[in-house]
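What follows is each chain in one-letter form.
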Amino acid sequence: MSERYELLVVGAGPGGYVSAIRAKQLGINVAIVERRSTLGGVCLNEGCIPSKALLDSSEHFATARDKFAIHGIEIDSPRINLQVMLSRKNEVVRRLTDGVAYLLKKHKIPVIKGEARLLGMGSDGDHRTEIVSEAAVDAVDAVVSKRVLLATGSEPVSLPCIPFDGEFVVGAREALDFDKVPEHLVVAGAGFIGLELGSVWRRLGARVTVLEMLPAILPTMDRQAADLLQRTLKKQGMEFRLGARITGLEKNGGKGRVTYQVGEDNFAVECDRLLVSIGRRPLISGTGFTELGGVVSESGRISVDENYQTSIAGIYAIGDLVPGPMLAHKASEEGIVCVERMTGKTVAVDYTCLPGVVYTWPEGASTGKTEEQLKSENIPYKSGKSNFIGNGRARAMEETDGFVKILADAQTDRILGVHIVGPRASDLIGEAVTAMCLKATARDIGMQFHAHPTLGEAMKEAALDVNNEAIHG
Ligand code: FAD
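Residues numbered from 1 in each chain as written. Predicted model: local features only at pLDDT ≥ 70, side-chain atom pairs only at ≥ 80, totals over all residues. Heavy atoms only, no water.

**Student:** Sorry, what's going on with the overall build of the protein chain here?
**Tutor:** Within the protein chain, the regular secondary structure consists of 13 helices and 22 strands. For 473 residues, the compact-globule formula gives about 23 Å, and the C-alpha radius of gyration of the protein chain, at 24 Å, lands near that figure. Once the C-alpha set of the protein chain is aligned to its principal axes, its extents read approximately 70 × 60 × 50 Å. Considering the protein chain as a whole, with its 473 residues, one finds that 50% of them fall into the buried category. Across the protein chain, every contact between residues at least 6 apart in sequence was considered, and the portion connecting residues at least 24 apart equals 62%. Total accessible area on the protein chain stands at roughly 21800 Å², and carbon and sulfur atoms take up 52% of it. Distance between charge centres in the protein chain, computed from 54 positive and 60 negative side chains, equals 2 Å. (Helix = DSSP H or I, 4+ residues; strand = E, 2+ residues; numbered from the N terminus. Rg over C-alpha atoms; globule rule 2.2 N^0.38 Å. Buried < 20%, exposed > 50% of the residue type's maximum accessible area, 1.4 Å probe, protein only. Contact = heavy atoms within 4.5 Å. Areas by Shrake-Rupley, 256 points an atom, 1.4 Å probe, with all protein chains shown as cover. Lys, Arg positive; Asp, Glu negative; His and termini not counted. Charge placed at Lys NZ, Arg CZ, Asp CG, Glu CD.)

**Student:** Can you walk me through the site of the ligand in this structure?
**Tutor:** Within the structure, the ligand sits among 38 residues, and Gly15, Glu34, Lys52, Asp320 and Ala328 are positioned closest to it. Taking Arg35, its main chain carries an N or O atom lying 3.3 Å from a nitrogen atom of the ligand. Between an oxygen atom of the ligand and a main-chain N or O atom of Ala328, the distance comes to 2.8 Å. Protein coverage of the free-state accessible area of the ligand, which is 990 Å², stands at 95%. Elements supplying a minimum of two residues to the shell around the ligand: strand S2 (30–34), helix H2 (41–46), helix H3 (48–66), strand S4 (115–121) and helix H8 (328–342). (Near = heavy atom within 4 Å. Polar contact = N/O pair within 3.5 Å; in protein donor to acceptor, adjacent residues only side chain to side chain.)

**Student:** In this structure, what is going on with unusual backbone geometry? I would like to understand it.
**Tutor:** The phi torsion of most residues other than glycine is negative, and most of the peptide bonds are trans. In this structure, Pro362 follows Trp361 across a cis peptide bond, with omega equal to 0°. Residue position: Pro362 is located in the loop between strand S18 (356–358) and strand S19 (363–368). Cis geometry marks the peptide bond from His452 to Pro453; its omega dihedral reads -5°. Position of Pro453 relative to the elements: it lies in the loop between helix H12 (442–446) and helix H13 (457–466). Of note in the backbone geometry, Arg424 takes a positive phi value of approximately 55° without being a glycine. If you trace the backbone, Arg424 turns up in the loop between strand S22 (415–422) and helix H11 (425–437). Positive phi values are uncommon outside glycine, yet Lys439 reaches one of about 60°. Looking at the element boundaries, Lys439 is found in the loop between H11 and H12.

**Student:** Teacher, can you tell me more about H13 here?
**Tutor:** Quick reminder: α-helices carry 3.6 residues per turn. Residues three or four places apart thus point the same way. The element H13 is extensively covered by neighbouring structure, given that 8 of its 10 residues are classed as buried. Buried within H13 are the following residues: Glu457, Ala458, Met459, Glu461, Ala462, Ala463, Leu464 and Val466. On its buried face, H13 is in contact with strand S20 (381–387), strand S21 (403–409), S22, H11 and H12. Phi turns positive, to about 55°, at Asn468, one or two residues after H13.

Here is the structure:
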């Protein structure tokens, strides 16, 4: 039997590796187990990071092709070297996954390679976790630990009628590695992942059609923001069929015909790739959690209390496994709070200001409540808006699509939600998150310096507009 740990973290994604480092900082004797050959989880290997690497590369290409001339830069039509683009993306991933390995080494946290499966608690009150590994050198019978933190993340959900085949019908992982630009990419699902990867391949020259079962894209986003984003993406050439239920796929060589229904009417669309991005499900099977009687809610997530403890004493869960949006920064914060609470600290994750970003161009970013939520919850609010068309920096950049919208409590002026569509919305939302977490009012933001000329001035103007005090609106 190997060394006994106070904590074994299962999964080295942004939830798991961050938890392990924080645990070590707090003096907890911790080890981490990961079944992939590289660390960083879905986020670093096949999610957040490679998608942003390709979004940045493809945006450079689209800018050179479509926008340089506006700035008075004349070039011959740029060409794509897809192999170089993909290699750069892989190199970005390699450096960051190596970085996680370095951090764990620096903190002297043992990394056990293999697949972990909970075996249950022994008579001594410690948990046993079996590690299955192909590499004999890494093979360990069972790790003994006082506590186990599950951070095994999630996997993509397939269409009920069309299974993944890794070639034609693919998930995000394969869509980050197409060896050539598809002629026509059909994307099933108009969520964050579908719109981002659809944007990548559209910019690189593919025709992209998005089929969405719901009547609108990005269902959790503020409607005004999502609608503007859809109009802008449509202007760029992305095609949308909303209310479309996919019914089947007929394959013929390298081509396919996706059939779908809108209401009672049947339609079909020819394509050479089908990206299915209709959602992800928590990766619980294989961990032994349900076999030990652990409670999973109807929505398929592991139920946890305020300490992130599951229904099994000593077993904790965070990140994509537990309720809430599947986001890397949520997983990390939950991991930190979970291990801090193990040491008696009374911290908590403030979900009221959890930001969400879609990295299309323009980007969409939001935090707090949407107008639709405020209305349905009967919360009286006031709204302020600033369009980027009136922002000096956005004008200088030739990036004037979009707005900042701030929603504040009608009585107290406290900020309840911020919704941004526009250039670098992903960076701008940081100010809103900080303000909301510090319980700031709209007037607090309106009274702060915002360097001129910056995109951030749109935040100040929107804040001033909440109380009808906008200067440039
Ligand atoms: P994961 O990152 O999924 O890590 C879980 C790890 O556990 C994996 O490495 C897995 O191999 C390992 N594991 C699983 N089972 C076992 C086992 N039994 N034993 C040992 N190891 C195991 N989020 C954002 O916030 N921003 C974004 O821009 C963003 N973009 C995304 C783009 C794409 C294409 C995708 C697919 C996702 C994106 N996400 C984004 C979501 C984000 O990747 C996840 O929310 C995040 O990775 C969840 O972190 P986690 O630690 O819970 O799990």
